[in-house]
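Take a look at the letters that make up each chain.
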Amino acid sequence: MATNEDEINELERLMRWGEVNGVEGLRILDRRDIKRMEPNVEAERDIYSPSTGIVDPDELMNLFHAKATRNGAVLVTKTEVTNIRKMDDGYEVSGVSLGEKFTIKADTIINCAGLNADKIAGMVGLDVEKLGYRIHYCKGDYFRLLGKPPIKMLVYPAPEKLGLGIHLTPDLSGTVRLGPNAYYVDSISYEVTSGEHEFRENVRKFLPCIDEYELTPDFAGVRPKLQGPGEGFKDFIIKHEADRGLFGFINLIGIESPGLTAAPAIGEFVSEIYESEIKK
Ligand SMILES: Cc1cc2nc3c(=O)[nH]c(=O)nc-3n(C[C@H](O)[C@H](O)[C@H](O)COP(=O)(O)OP(=O)(O)OC[C@H]3O[C@@H](n4cnc5c(N)ncnc54)[C@H](O)[C@@H]3O)c2cc1C
């Protein structure tokens, strides 16, 4: 959604980008179309994306888990990897599982440890700073809007530097979430610490009726960003580190939004790397 000339330019850029990426049915809407579809929204222009949808992340994880198990995978929870040693023929992985120390041997390691992916990469001797693998924690808080939803669709402002901008998501509970905002933190905490004022300020310019609604803190998440405060955009990394002497070690670092949406595609991509470069 665009509320001024700069944002309209940004919208046109996003529209071209979406088309290049093969997103179907994208359409630019003007003020009249927007009012017809979402009477409470104030915007000059909008990209309408009829193929956009929402999922229940827990259910999606259950599905991935069931499929992986059917394909022979074993998921081990409550287990922390604390060290990895490169051997002549693979890796020795050690850690703590349910309070007990363990060591296993692995031919292949796929490092997809989210907020700890840089630490895991460091365990095999990769110079995390030099390679630009250092992860910076960037938190995002959400609020929930109480009462009858003022919108029917997902409503996104033009994106900001650090994230998508505080957007409105009607979720499967039938209510609307606002968020996330984006701010760097030194440590991981999932407590909502932002005040609702910031959320109202941001949303008011495209949803003036926000002030008729009560907001309540909902939940928070932490993004594993590769760019630190004040730095330009850095994209995620998916790399088999064979050229650094680490055959069979694949790094996935800085997998932030839309990492959930992209998870099946990322999985296929990593599987292709495994099949073509590692599998004997
Ligand atoms: C506020 C917020 C909003 C988001 N919104 C969206 C969205 O709308 N759409 C979307 O597609 N994506 C969204 N994302 C991004 C999405 O959540 C992530 O991209 C995705 O979860 C990354 O998945 P992952 O498996 O790489 O990492 P994670 O989900 O972080 O999983 C990493 C796993 O590794 C484990 N681990 C870490 N260290 C160790 C260790 N030492 N030993 C053993 N295990 C370890 C962790 O316990 C965890 O289970 C959002 C993220 C945030 C923070």
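Scroll up for the structure.
Residues numbered from 1 in each chain as written. Predicted model: local features only at pLDDT ≥ 70, side-chain atom pairs only at ≥ 80, totals over all residues. Heavy atoms only, no water.

## Some details on the pattern of salt bridges
- Here the structure, examined in full by the defined rule, presents 23 salt bridges.
- Among the salt bridges present, the one from Arg31 reaches Glu44, with a minimum N-O distance of 3.2 Å. Pair noted here: Arg31 is in helix H2 (residues 31–37) and Glu44 is in the loop between H2 and strand S2 (45–48), with a separation of 13 residues, a long-range link.
- With a relative accessible area of 34%, Glu44 lands in the partly exposed category.
- Measuring nitrogen to oxygen at the nearest pair gives 3.0 Å for the salt bridge that ties Arg144 to Asp218. Here the residue Arg144 occupies a position in strand S7 (residues 136–146), and Asp218 occupies one in strand S11 (residues 214–225), the gap between them amounting to 74 residues.
- Note on Arg144: relative accessible area 17%, which makes it buried.
- Each of Glu196, Arg200, Glu201, Arg204 and Asp211 takes part in one network of salt bridges that share partners. (Salt bridge = Lys/Arg side-chain N within 4 Å of Asp/Glu carboxyl O. Helix = DSSP H or I, 4+ residues; strand = E, 2+ residues; numbered from the N terminus. Buried < 20%, exposed > 50% of the residue type's maximum accessible area, 1.4 Å probe, protein only.)

## Regarding the packing of aromatic side chains
- Evaluated as defined, the whole model comprises three aromatic pairs.
- Taken together, a centroid distance of 4.5 Å and an interplanar angle of 20° make the contact between Tyr142 and Phe219 stacked. Within this pair, whereas Tyr142 is found in strand S7, its partner Phe219 is found in strand S11, the two being separated by 77 residues in sequence.
- Centre to centre, the rings of Phe143 and Phe199 are 4.7 Å apart; their planes meet at 55°, and the pair counts as tilted. Of this pair, Phe143 sits in strand S7 while Phe199 sits in helix H6 (residues 196–204); the two residues are 56 residues apart in sequence, bridging distant segments of the chain. Residue Phe143 shares its accessibility class with Phe199, and that shared class is buried. (Phe/Tyr/Trp six-rings, centres within 6.5 Å; stacked < 30°, edge-to-face > 60°.)

## Focus on the site of the ligand
- By nearness alone, 20 residues border the ligand, and Val81, Asn116, Ile255, Leu260 and Thr261 come closest of all.
- At 3.3 Å, a backbone N or O of Pro258 approaches an oxygen atom of the ligand.
- When the free accessible area of the ligand is taken as 1000 Å², the share hidden by the protein chains comes to 59%.
- Mapped by element, the contributors of at least two residues to the shell around the ligand are strand S3 (79–87) and S11.
- Here the shell around the ligand is built from residues that sort into 10 nonpolar, seven polar and three charged.
- Lining the shell around the ligand are residues from two domains, each supplying at least three of them: domain 2 (57–134 + 237–278) and domain 3 (136–225). (Near = heavy atom within 4 Å. Polar contact = N/O pair within 3.5 Å; in protein donor to acceptor, adjacent residues only side chain to side chain. Areas by Shrake-Rupley, 256 points an atom, 1.4 Å probe, with all protein chains shown as cover. Nonpolar A, V, L, I, M, F, W, Y, C, P; charged D, E, K, R; others polar. Domains from an automatic or database assignment.)

## Details of helix H3 (residues 57–70)
- Over its 14 residues, H3 runs 20 Å from end to end, which matches the ideal 20 Å to within 8%, given 1.5 Å per residue.
- Measuring from the backbone nitrogen of Asp58 back to the side-chain oxygen at the start of H3 gives 3.0 Å, which picks out Asp56 as the cap.
- Downstream of H3 by a residue or two, Gly72 has a phi angle that is positive, lying close to 100°. (Expected span 1.5 Å × (residues − 1).)

## A word on helix H1 (residues 5–20)
- The end-to-end C-alpha separation of H1 is 23 Å, in line with the 22 Å expected for 16 residues at 1.5 Å each.
- Those residues of H1 not exposed but buried are Glu7, Ile8, Leu11, Met15 and Gly18. Buried residues along H1 cover an arc of 100° about the axis, so they all sit on one side. Exposed residues on H1 whose side chains face more than 90 degrees from its buried face are Glu5, Asp6, Arg16 and Val20.
- Structurally, H1 contributes buried residues whose contacts are with strand S1 (27–30) and S2.
- Regarding H1, its N-cap is Asn4, as a side-chain oxygen of that residue lies 3.2 Å from the backbone nitrogen of Asp6 further along.
- Positioned one or two residues after H1, Gly22 has a phi angle of 80°, which is positive. (Arc of directions from axis to C-beta. Contact = heavy atoms within 4.5 Å.)

## As for a nonpolar patch on the surface
- Side chains of Val55, Met61 and Leu260 sit close together on the surface and give an oily, nonpolar patch of about 240 Å² of accessible area.
- The topology assignment puts Leu260 in the loop between strand S13 (249–253) and helix H7 (263–278). (Patch = residues over 30% accessible without salt bridge, like charges linked within 9 Å, V, L, I, M, F, W, Y side chains within 5 Å.)

## Side note on the side chain of Glu241
- Note that Glu241 resides in the loop between strand S12 (237–240) and S13.
- Leaving out residues up to four positions away in the same chain, Glu241 has contacts with Leu126, Tyr133, Leu246, Phe249 and Asn251.

## Here's the deal with the nonpolar core
- Ranked by internal contacts, the top residues of the largest apolar core, which has 23 residues, are Val41, Leu168, Leu178, Val203 and Leu207.
- Secondary structure elements with two or more residues in this core: S7, strand S9 (176–179), H6 and S11.
- Residue contributions to this core reach at least three from each of two domains, namely domain 1 (1–52) and domain 3 (136–225).
- Once residues within four sequence positions are removed from consideration, Val203 is found in contact with Ile166, Leu168, Leu178 and Ile210.
- Counting 21 residues, the second largest nonpolar core, distinct from the first, contains Ile84, Ala106, Ala117 and Ala121. (Core = buried A, V, L, I, M, F, W, Y, C linked by side-chain atoms within 4.5 Å.)

Read these as spatial facts, not as claims about activity.
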